[in-house]
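Per-entry structural report
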Amino acid sequence: DAGVIQSPRHEVTEMGQEVTLRCKPISGHNSLFWYRQTMMRGLELLIYFNNNVPIDDSGMPEDRFSAKMPNASFSTLKIQPSEPRDSAVYFCASSRMGGGRVEQYFGPGTRLTVT
Amino acid sequence: AQTVTQSQPEMSVQEAETVTLSCTYDTSESDYYLFWYKQPPSRQMILVIRQEAYKQQNATENRFSVNFQKAAKSFSLKISDSQLGDAAMYFCAYRRTGNQFYFGTGTSLTVIP
């Protein structure tokens, strides 16, 4: 299995621009998670989906952030408009909801820099 | 509320020695999972070890083992024969029913040659 795939790996953009991060979970996994990691705030859960349905989006910082999961094999995290304080590493992770191996598998992350 | 606490922001260990990283959690559930993840400088989050709460036996994976104390809600990670490649940030995580995960703030482990 290819593991969780994220793109792009690095993104540099100017303040005010729209940013879209993409994630392909591991085939057969039915939960997907978006995290943000910074030195100041550590690892923060932004949103997670079970069976493509958003379950908890209380970690989404504000209305500038949105996430979608149109099908079981693809999710996006969009920031519009982006701000310098959004600079962070964004991780996508996937897992099974039940039955044995329920641990999360993480993608390599997207390092976002907003100037 | 479910929370995970790692009280040691930084730890260091001499190469070939043993180190224990602490983790406590708060929950009202009886059935759950606990994990330790490793994040080396490459940033990739790697699963180190998994423990099912219903299992009394402590999980082990080669040089990594846990001390799971369910009543005390404690889940420490022991790394034996520490190697330079063990240097990383270590995160303790808790999974509740409904597949929600909670992560601690991490412990940065330095391995001294």
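A short tour of the structure in this document, coming up. (Residues numbered from 1 in each chain as written. Chains lettered and ligands numbered in written order. Predicted model: local features only at pLDDT ≥ 70, side-chain atom pairs only at ≥ 80, totals over all residues. Heavy atoms only, no water.)

Our next topic: the state of the cysteines. Evaluation of the coordinates by the stated rule reveals two disulfides over all chains. The disulfide partner of Cys23(A) is Cys92(A), and the S-S distance across this bridge is 1.9 Å. Residues Cys23(A) and Cys92(A) are joined through a disulfide that is left-handed, its torsion about the S-S bond being -70°. With Cys23(A) in strand β3 (residues 19-24) and Cys92(A) in strand β9 (residues 88-95), this pair connects stretches of sequence that are 69 residues apart. Considered together, Cys23(A) and Cys92(A) belong to a single accessibility category, that of buried residues. The side chain of Cys23(B) participates in a disulfide bridge whose partner is Cys92(B); the two sulfur atoms lie 2.0 Å from each other. Its S-S torsion of approximately -70° makes the covalent link between Cys23(B) and Cys92(B) left-handed. Pair noted here: Cys23(B) is in the loop between β3 (19-21) and β4 (24-26) and Cys92(B) is in strand β10 (residues 88-95), with a separation of 69 residues, a long-range link. (Disulfide = S-S within 2.5 Å. Helix = DSSP H or I, 4+ residues; strand = E, 2+ residues; numbered from the N terminus. Buried < 20%, exposed > 50% of the residue type's maximum accessible area, 1.4 Å probe, protein only.)

All names here are of chain B. Tracing the backbone through its elements, the reader meets Gln-51 in strand β6 (residues 46-52). Exposure remark for Gln-51: the relative accessible area of 2% places this residue in the buried category. A distance of 3.1 Å separates a polar side-chain atom of Gln-51 from the backbone oxygen of Lys-55. Within the local environment of Gln-51, its side chain forms a polar contact with the backbone oxygen of Gln-57, the two atoms lying 3.1 Å apart. Every residue in contact with Gln-51, bar those within four places of it in the chain, is listed here: Tyr-32, Tyr-33, Leu-34, Gln-57, Asn-58, Ala-59, Val-66, Phe-68 and Phe-75. (Polar contact = N/O pair within 3.5 Å; in protein donor to acceptor, adjacent residues only side chain to side chain. Contact = heavy atoms within 4.5 Å.)

Whether parallel or antiparallel, the strands of a sheet pair through hydrogen bonds between backbone atoms. Residue and element names in this part refer to chain A. Spatially, β1-β3-β8-β7 is the arrangement adopted by the four strands of the open sheet, whose pairing is antiparallel. Each edge of the sheet is formed by a strand with only one pairing partner; in this case those strands are β1 (5-7) and β7 (65-71). Each strand of the sheet is rotated relative to its neighbour by a mean of 15°, with strand direction disregarded. Judged from the five bridges that link them, β7 and strand β8 (residues 74-79) form a sheet pairing that is antiparallel. (Pairing = 2+ DSSP bridges. Axes fitted to C-alpha atoms, helices over the stretch in contact; angles between N-to-C directions.)

Residue and element names in this part refer to chain A. Counted according to the given criterion, the structure contains 13 salt bridges over all chains. One salt bridge in this structure joins Arg-36 and Glu-44, with 3.1 Å as the shortest N-O distance. Neither Arg-36 nor Glu-44 differs from the other in exposure class; each is buried. Where Glu-83 meets Arg-64, a salt bridge forms, and the shortest distance between an N and an O atom there is 3.5 Å. Here Arg-64 lies in the loop between β6 (53-56) and β7 and Glu-83 lies in the loop between β8 and β9, a separation of 19 residues in the sequence. Residue classification places Arg-64 among the buried positions, given a relative accessible area of 10%. Shared partners join several salt bridges into a network, and the residues in it are Glu-62, Arg-64, Glu-83, Arg-85 and Asp-86. (Salt bridge = Lys/Arg side-chain N within 4 Å of Asp/Glu carboxyl O.)

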